[in-house]
Amino acid sequence: MLLPRAGGRTPPPLAALAQVLRLEQGRRTGLLFPLQKLERYLAPGTDTARFRLFQPGLPALQRAEAFFKSGRDHPIDYVSSAVRMAHAPLLALPEVCFIGRSNVGKSSLIRALFSLSPEVEVRVSKTPGHTKKMNFFKVGKHFTLVDMPGYGYRAPRDFVEMVEAYLQERHNLKRTFMLVDGVVGLQKTDHIAVEMLEEFGIPYVIVLTKIDRASRGLLLKNVLEIQEYVKEKTQGCFPQLFLVSSLEFSGVHLLRCFIAHVTGNLPMVEAS
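Rules and cut-offs
Residues numbered from 1 in each chain as written. Predicted model: local features only at pLDDT ≥ 70, side-chain atom pairs only at ≥ 80, totals over all residues. Heavy atoms only, no water. Helix = DSSP H or I, 4+ residues; strand = E, 2+ residues; numbered from the N terminus. Rg over C-alpha atoms; globule rule 2.2 N^0.38 Å. Buried < 20%, exposed > 50% of the residue type's maximum accessible area, 1.4 Å probe, protein only. Phe/Tyr/Trp six-rings, centres within 6.5 Å; stacked < 30°, edge-to-face > 60°. Lys NZ or Arg CZ within 6 Å of the ring centre and 35° of its normal. Contact = heavy atoms within 4.5 Å.

### Let's talk about the overall build of the chain
Here is step 1: Scanning the chain from terminus to terminus reveals nine helices and nine strands.
Here is step 2: In terms of C-alpha radius of gyration, the chain reaches 18 Å, essentially the compact-globule figure of 19 Å for 272 residues.
Here is step 3: Projecting the C-alpha coordinates of the chain onto the three principal axes gives extents of approximately 55 × 40 × 35 Å.
Here is step 4: For the chain, the residues scored as buried account for 54% of the 272 residues in total.

Put into structure tokens, the structure is as follows:
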């Protein structure tokens, strides 16, 4: 769960793009574009178009980072929490939400995204299913981010009613970010979530988390299997997967840029 924090803290070194740019090129590319790093291990002739659909240049990454830095004229504020749509705040800003299985690393990823804002704290529980409510956060005058309860193990009893109502009634929702564990790949509960998003016609994207815990071979296997699944079984899913490590900040800068893009704050994104 995300909460405002009174005191400041020092952001992790690689949370800032300027620090990443000081790395040698190979490591820098791996941090900014984890999918591209995997390309060299593909079999000859493999179609890599879905690896590079969203590959912004440095100017776009820099502009995107600014949205995740709070300031006097750009506060990042906790708005409220809700257990049902009747209690959800009425916000007109473009909105994105994060869903995923309990213990998929959702709170850790949101903490990484907001790591440059010292007054915002993300509480990460060691107990799966800690988030029981929809938590709404306003990012300046630009967009809202919603942290949804995890599904599967220890999900709230009214999870289905809560989430289905949100997805169907939240007309300013621009994109749902569905998190999948990069070590274990798609699970049965993930398939159910995909079916729900497809049924409601909700545009979404799949984000593979914890990629630092997966071997290269296992990660590549899961990426290719999920890409094939997206190609054959979905219509509303963005064809490119996003790979992230909240610990190493791999893919976090790219995901910030994609969020800024889909909320209309970076309508034009130059390719790298």
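### Quick look at helix α5 (residues 106-113)
Here is step 1: Of all the eight residues making up α5, six are buried; the element is thus mostly covered by neighbouring parts of the structure.
Here is step 2: Listed in full, the buried residues belonging to α5 are Lys-106, Ser-107, Leu-109, Ile-110, Ala-112 and Leu-113.

### What to know about the packing of aromatic side chains
Here is step 1: Counted under the stated rule, the structure contains 11 aromatic pairs.
Here is step 2: Their ring planes at 10 degrees and their centres at 5.0 Å tell us that Phe-98 and Phe-177 sit as a pair that is stacked. Here the residue Phe-98 occupies a position in strand β3 (residues 95-100), and Phe-177 occupies one in strand β7 (residues 173-181), the gap between them amounting to 79 residues. In terms of burial, Phe-98 and Phe-177 fall into one category: buried.
Here is step 3: Plain terms: the ring middles of Phe-177 and Phe-258 are 6.0 Å apart, the flat faces sit at 85 degrees to each other, and that makes the pair edge-to-face. Here the residue Phe-177 occupies a position in strand β7, and Phe-258 occupies one in helix α9 (residues 252-262), the gap between them amounting to 81 residues.
Here is step 4: Taking the relative accessible area as the measure of exposure, Phe-177 reaches 0% and is therefore buried.
Here is step 5: Stacked on the ring of Tyr-41, the Lys or Arg Arg-216 has its end atom at 3.8 Å from the ring centre.

### Notes on the side chain of Asn-222
Here is step 1: For Asn-222, the position within the fold is in helix α8 (residues 216-233).
Here is step 2: Owing to a relative accessible area of 4%, Asn-222 belongs among the buried residues under this scheme.
Here is step 3: Apart from the residues within four sequence positions on either side, Asn-222 is in contact with Gly-182, Val-183, Val-184 and Gly-185.

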